[in-house]
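So you can see what is in the structure, the chains are spelled out below.
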Amino acid sequence: MPIPLSAPDITEAEIAAVTAVLRTPHLSLGPELAAFEAAFAKYHRLAHAVAVSSGTAGLHMALLTLNIGEGDEVIVPSFAFIAVANAVLHIRATPVFADIDPVTLNLTPSTVEPLITPRTRAILVVHTFGIPADMHALRALATRHSLVIIEDACEAIGAELHQRRVGGFGDLSVFGFYPNKQITTGEGGAVLAHTQAHADRLRSLRNQGRIAYAADIVQSQKAVDWLHHPEIGFNYRLSDIACALGRVQLSRIGEILSLRRAAAERYYALLADIPGLQMPPLTLPGCTISWFVFVVRLPQTAHRASIQALLSDRAIATASYFAPIHQQPAWRDLIVQFQPHLPTTETLGSRTLALPFFTRIALSQQEQVASALRQALATQN
Ligand SMILES: Cc1ncc(COP(=O)(O)O)c(C=O)c1O
């Protein structure tokens, strides 16, 4: 049986909740949207959560809501999913790529600070692979330079820093629920906000610039003028079908995260003795990791593409997370004006290998992966 890279964990409870929505007329902007947003905000102990159609949409609207735009610079990691930089370009601001810490794979004050200029407006901090970035130090830096922070927690729902969940540290925080994530809505995302004004702006932008729908208006189905648009917005709504799925997934998050942690621990036991193979950190002081992916670093001498091919021959999926954004074909020509110097990003980008990792991965599947990887590495010695 092929072993996929990722797989959603859907139970009968999710299927029942989605089916129940289909038996109502409220497929969008209905009670499941309000319920999912309320549950998501409560889980994070924040006042406002706004569900959106994707993490990318969330990043786009977060930047707009913080009034970042043309002429502004936003410091971003290059060792990240490409949407992080694309969202900055979509609002006509300039992403400035910063290097990362080799252990946490996250931005740090020492990689960010040298890049701050009078044009810098924001730091977009990604909690890479579910490892929390040092938000206390980054917030202190941002405060010193009057910058805002957007937290990208798309890969890190449930991760904690000193017992505080990620998503509560940024001026706005963004989550993603693509099916490879810890919890999924099929496609989808959410933005956490601290203020009513930010939540209203996000809800307006999400819904073609219409006046924000408050949850109680949706519930009572009072008419809001559907053809009145005070500002230019987008269709970044998340359907009630998706919200029902997300609401049930969120109610199971404790179980999901602990199963993923157990799977990470099993990989440790199976792989840690392979010479030259570097494992991701299993624990870090003050941090609770939310296991999104399991990414090892291959020995410097290893040829990654051949290893991937050997695993693929055994029906084991792998991925090379992340090819640095500044080296992507789509970005290469856009950043000729400044040559990012990102040695950690570039070295890591060529050595990482994501192994199959999902909530219900079985020990027998992990054993197959470990033995195939062991043999593939042995053929290269
Ligand atoms: C760090 C990060 N930011 C943003 C996104 C974009 O989310 P989506 O695919 O839901 O648009 C992802 C998705 O994988 C991500 O990992």
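The model shown is predicted, which means the values in this text are computed figures rather than measured ones.

Along the chain, Phe97 turns up in strand S3 (residues 94-98). Considered as a pair, Phe97 and Tyr236 are 139 residues apart in the sequence and their alpha carbons are 27 Å apart.

Further remarks concern the domain arrangement of the chain. Parsing the chain into structural domains produces domain 1 (12-253) and domain 2 (254-379). Computed over C-alpha atoms, the centres of domain 1 and domain 2 are 26 Å apart. Counting residues at the interface gives 41 residues for domain 1 and 38 residues for domain 2. Roughly 3,200 Å² is buried in total at the junction of domain 1 and domain 2, and carbon and sulfur atoms are behind 66% of that figure.

Another point: the sheet that holds strand S7 (residues 164-165). Strand order in the open sheet formed by 3 strands is S7-S6-S10, with antiparallel pairing between adjacent strands. For this open sheet the edge positions go to S7 and strand S10 (287-288), each flanked by a neighbour on one side alone.

The environment of the ligand is formed by 13 residues, the closest being Gly55, Thr56, Asp152, Glu155 and Lys181. In this structure, an oxygen atom belonging to the ligand sits 2.8 Å away from a main-chain N or O atom of Gly55. The contact in question runs from an oxygen atom of the ligand to an N or O atom on the side chain of Glu155, over 2.6 Å. When the ligand sits alone it has 390 Å² of accessible area, and the protein chains cover 91% of it. A molecule is said to occupy a pocket when more than half its atoms come within 2 Å of that pocket's grid points, and by this definition the ligand occupies the largest pocket. Residue assignment for the shell around the ligand shows that the elements contributing at least two residues are helix H3 (55-65) and helix H4 (83-90). By residue number, the principal contributor to the shell around the ligand is H3, which donates 3 residues.

With that settled, the discussion passes to the pairing of strand S12 (residues 352-355). Burial of the side chains of S12 extends over both faces: Thr352 and Ala354 are buried on one face and Leu353 and Leu355 on the other. One ladder, built from 4 bridges, connects strand S11 (residues 294-297) with S12; its direction is antiparallel. Looking at S12, one finds that Phe294 is bridged to Leu355.

Moving on to the pairing of strand S1 (residues 48-52). Among the 5 residues in S1, 5 count as buried, and that is most of the element. By the alternation rule, side chains of S1 split into His48, Val50 and Val52 and Ala49 and Ala51, which are all buried. Relative to strand S9 (residues 189-193), S1 runs antiparallel, the two being bridged by 5 bridges. Bridge pairing in S9 links His48 to Ala193.

Our next topic: the layout of surface pockets. Gaps between atoms show up when a probe of the same size as a water molecule is rolled over them. Counted as a void, the largest pocket has a volume near 360 Å³. Along its surface, the largest pocket is lined by 22 residues, and Thr56, Phe81, Cys154, Tyr178 and Lys181 are the ones closest to its centre. Breaking the lining of the largest pocket down by element, the ones donating at least two residues are H3 and H4. Residue contributions to the lining of the largest pocket reach at least three from each of two domains, namely domain 1 (12-253) and domain 2 (254-379). Its volume calculated, the second largest pocket comes out at about 190 Å³. Lining the second largest pocket are Thr104, Asn106, Leu107, Thr108, Pro132, Ala133, Asp134, Leu161, His162, Leu284, Pro285 and Cys287. Class assignment of the residues belonging to the lining of the second largest pocket gives a composition of 7 nonpolar, 4 polar and 1 charged.

This part is about helix H14 (residues 363-379). Quick reminder: α-helices carry 3.6 residues per turn. Residues three or four places apart thus point the same way. For H14, built from 17 residues, the straight-helix expectation of 24 Å at 1.5 Å per residue is met to within 8% by its first-to-last C-alpha distance of 24 Å. Along H14, the positions that sit buried rather than exposed are Gln366, Val369, Ala370, Ala372, Leu373, Ala376 and Leu377. Contacts from the buried residues of H14 go to helix H10 (253-271), helix H11 (304-313) and S12.

Across the interface, H11 lies against H14 with an axial gap of 9 Å and an inter-helix angle of 135 degrees. By the criterion of interaxial angle, the relationship of H11 to H14 is oblique. As H11 packs across H14, the resulting crossing turns out to be right-handed. Each of Ile307, Leu310 and Leu311 in H11 lies in contact with H14, whose residues at this interface are Ala372, Leu373, Ala376, Leu377 and Thr379. Here the contact of H11 with H14 is composed, by residue class, of 7 nonpolar, 1 polar and no charged.

Before going further, it helps to spend a moment on the state of the cysteines. Two cysteines joined by a covalent bond between their sulfur atoms form a disulfide. Under the criterion given, the structure shown has 0 disulfides. No disulfide involves Cys154; its sulfur sits 16 Å from that of Cys243, the nearest cysteine.

Using the criterion set out here, one finds 4 cavities of 30 Å³ or more in the structure. In this model, the largest cavity occupies a volume close to 100 Å³. Every residue along the wall of the largest cavity is listed here: Val103, Leu105, Phe129, Ile131, Pro280, Pro281, Ile289, Trp291, Val293, Val295 and Arg297. Taken together, the residues of the lining of the largest cavity sort by class into 10 nonpolar, no polar and 1 charged.

Now for the side chain of Arg210. Relative to the helices and strands, Arg210 resides in the loop between helix H7 (196-206) and helix H8 (215-220). For Arg210, a relative accessible area of 6% translates into the label buried. Reaching out from Arg210, the side chain makes a polar contact with the side chain of Asn207 at a distance of 2.9 Å.

Definitions and limits used
- Residues numbered from 1 in each chain as written.
- Predicted model: local features only at pLDDT ≥ 70, side-chain atom pairs only at ≥ 80, totals over all residues.
- Heavy atoms only, no water.
- Helix = DSSP H or I, 4+ residues; strand = E, 2+ residues; numbered from the N terminus.
- Domains from an automatic or database assignment.
- Contact = heavy atoms within 4.5 Å.
- Buried area = accessible area lost by both parts, 1.4 Å probe.
- Pairing = 2+ DSSP bridges.
- Near = heavy atom within 4 Å.
- Polar contact = N/O pair within 3.5 Å; in protein donor to acceptor, adjacent residues only side chain to side chain.
- Areas by Shrake-Rupley, 256 points an atom, 1.4 Å probe, with all protein chains shown as cover.
- 1 Å grid on protein atoms, 1.4 Å probe; cavity = no way out; pocket = protein on both sides within 12 Å on 5 of 7 lines; lining within 4 Å.
- Sits in = over half its atoms within 2 Å of the grid points.
- Buried < 20%, exposed > 50% of the residue type's maximum accessible area, 1.4 Å probe, protein only.
- Points joined across faces, edges and corners; volume = space filled by probe spheres on them.
- Nonpolar A, V, L, I, M, F, W, Y, C, P; charged D, E, K, R; others polar.
- Expected span 1.5 Å × (residues − 1).
- Axes fitted to C-alpha atoms, helices over the stretch in contact; angles between N-to-C directions.
- Parallel < 35°, antiparallel > 145°, perpendicular 65-115°, else oblique.
- Left-handed = near helix turned anticlockwise from the far one by under 90°.
- Disulfide = S-S within 2.5 Å.

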